[in-house]
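Inside the fold
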Amino acid sequence: QGPSSGRTMESPSSAVYLNVAHAAAYAAFGLLWLHAARLRRRSARALPAMLSDASRALGDSAPPLCVVLPVKGAHAQSAANWRAQCCSHGYAGPVSFLFVVQEEEDEAYSLVKQLQASGSLPTENVSVLVAGLAVGTSQKLHNLIHAVERIGEQSELVLMLDDDMLLAPGAVNLLAHELLSDPNALAASGFSCDAPGRWTVLAHAACVYRLILEISVAGGEGSHAWGGCCLMRRADLLESVPGGVMAHWKNRGYSDDWIITAVARKQRRRIANPPLLFLNLVDFRSPSQLYNFFHRQFFVLDTYPQPSPDEPRIQAHRLRLESYALASLMGLPPPPPPGGVGHTQYR
């Protein structure tokens, strides 16, 4: 009788299966991302002509537009960003701007006033509002609600824009053209293109999670709203609209863009995604920052419009769960070969 190791030989079938699953996943997503890159490259070549055509199509008939910028604090580039947004937007029609802060003590409030006093920002069509502290919603959503409810009836369109987003000349015209050319469209939205701000596993993990959505958005048919740059008709933001965006925002809302996306799907309306990508550098330095990111991503699941009684609750969570599972699969290393290894040393 030979020596016994005290262990039984494990079947290699499970490890082989996982290796095949990883290989299939990498191959499938690799092909999809290559296809998305080809679409983005084609869109980038066509974008100058699209911007020109949209501006020409709107012409002198571009409806009045109000840009809402919820801001908190100020940084080194704030003044330059705000001057560019207010003075170099290139929109063909009348434009007004509403900066909205939580309190007057916010340094963004004083900076806007200083820029207006120095002539860097106009005074006649640029206002700064104080929304106060949020009670039943997220602070950003509270600021948006406060500003949208104070937009004059003369403004037909509302552009919700993050204060650090720089728009290419003609980008607003393209969004307006996409929205106005389709009566069934609820919104026209750009999208964030996440890239690692540093070469760390944490930054790459967050970017891989977002890459799942970018596959569909790259083709222009993603039908996703993004709060960093989203254009809507003012009429669709009124509280009087049954089951509309504003009603759900006020009902303990947290995520402005995902609520817009959910309302569009419930109402079977389209969200136009023209090829406007905004670079966002992801710079997570600690596991707690990555955890907070994923926690917020899953927290918004409970701020969607509630499913109807005949719709299972899991339907509201399915998209995020699938995205997380796929991103996790792409982020995991393949399992060891059937023979097994003692350990792996990373250099």
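**Let's talk about unusual backbone geometry**
- Here the phi dihedral of Arg-252 falls at roughly 60°; this positive angle occurs in a residue that is not glycine.
- Summarising the element assignment, Arg-252 is placed in the loop between helix H7 (245–250) and helix H8 (256–266).
- With phi around 55°, Arg-268 is a residue other than glycine that occupies positive phi space.
- Here Arg-268 shows up in the loop between H8 and strand S8 (270–272).
- Judged by relative accessible area, which is 72%, Arg-268 ranks as exposed.

**What about empty space enclosed by the protein?**
- Scanning all chains against the criterion turns up 1 cavity of 30 Å³ or more.
- What the largest cavity holds in volume is close to 40 Å³.
- Forming the boundary of the largest cavity are Leu-65, Val-67, Gln-85, His-89, Val-95, Phe-97, Leu-159, Leu-161, Leu-167 and Val-172.
- Put simply, the parts of the chain that give the lining of the largest cavity at least two residues each are strand S1 (65–70), strand S2 (95–101) and strand S4 (157–161).
- Here the residues of the lining of the largest cavity are counted per class, giving 8 nonpolar, 2 polar and no charged.

**Here we look at the state of the cysteines**
- Within the structure shown, the criterion is met by 0 disulfides.
- Cysteine Cys-87 is unpaired, with the sulfur of Cys-86 as its nearest cysteine sulfur at 6.0 Å.
- Here Cys-229 stays unpaired: no disulfide links it, and the sulfur of Cys-230, its closest cysteine neighbor, is 7.8 Å away.
- Judged by relative accessible area, which is 0%, Cys-229 ranks as buried.

**Focus: the sheet that holds strand S5 (residues 185–189)**
- Strand order in the open sheet formed by 7 strands is S3-S2-S1-S4-S7-S5-S8, with mixed pairing between adjacent strands. Two strands close off the open sheet at either side, each with one partner strand: strand S3 (126–130) and S8. Each strand axis lies, on average, 25° off the axis of its neighbour in the sheet, ignoring direction.

**Let's talk about the pattern of salt bridges**
- On inspection of all chains with the given rule, the structure shows 10 salt bridges.
- When the shortest N-O distance is used, the salt bridge between Arg-270 and Asp-182 registers 3.2 Å. Highlighted residues: Arg-270 in strand S8 and Asp-182 in the loop between helix H5 (171–180) and S5, separated in sequence by 88 residues.
- In this structure, Arg-269 engages Asp-236 in a salt bridge whose closest nitrogen and oxygen atoms are separated by 3.3 Å. With Arg-269 in the loop between H8 and S8 and Asp-236 in the loop between strand S7 (229–233) and H7, this residue pair connects regions lying 33 residues apart in the sequence.
- The exposure class assigned to Arg-269 is buried, which follows from its relative accessible area of 18%.
- Connected through salt bridges with shared partners, the residues Lys-140, Asp-162 and Asp-256 form a single ionic network.

Basis of the calculations
- Residues numbered from 1 in each chain as written.
- Predicted model: local features only at pLDDT ≥ 70, side-chain atom pairs only at ≥ 80, totals over all residues.
- Heavy atoms only, no water.
- Helix = DSSP H or I, 4+ residues; strand = E, 2+ residues; numbered from the N terminus.
- Buried < 20%, exposed > 50% of the residue type's maximum accessible area, 1.4 Å probe, protein only.
- 1 Å grid on protein atoms, 1.4 Å probe; cavity = no way out; pocket = protein on both sides within 12 Å on 5 of 7 lines; lining within 4 Å.
- Points joined across faces, edges and corners; volume = space filled by probe spheres on them.
- Nonpolar A, V, L, I, M, F, W, Y, C, P; charged D, E, K, R; others polar.
- Disulfide = S-S within 2.5 Å.
- Pairing = 2+ DSSP bridges.
- Axes fitted to C-alpha atoms, helices over the stretch in contact; angles between N-to-C directions.
- Salt bridge = Lys/Arg side-chain N within 4 Å of Asp/Glu carboxyl O.

Bear in mind that shape data such as this cannot, by itself, settle questions of function.
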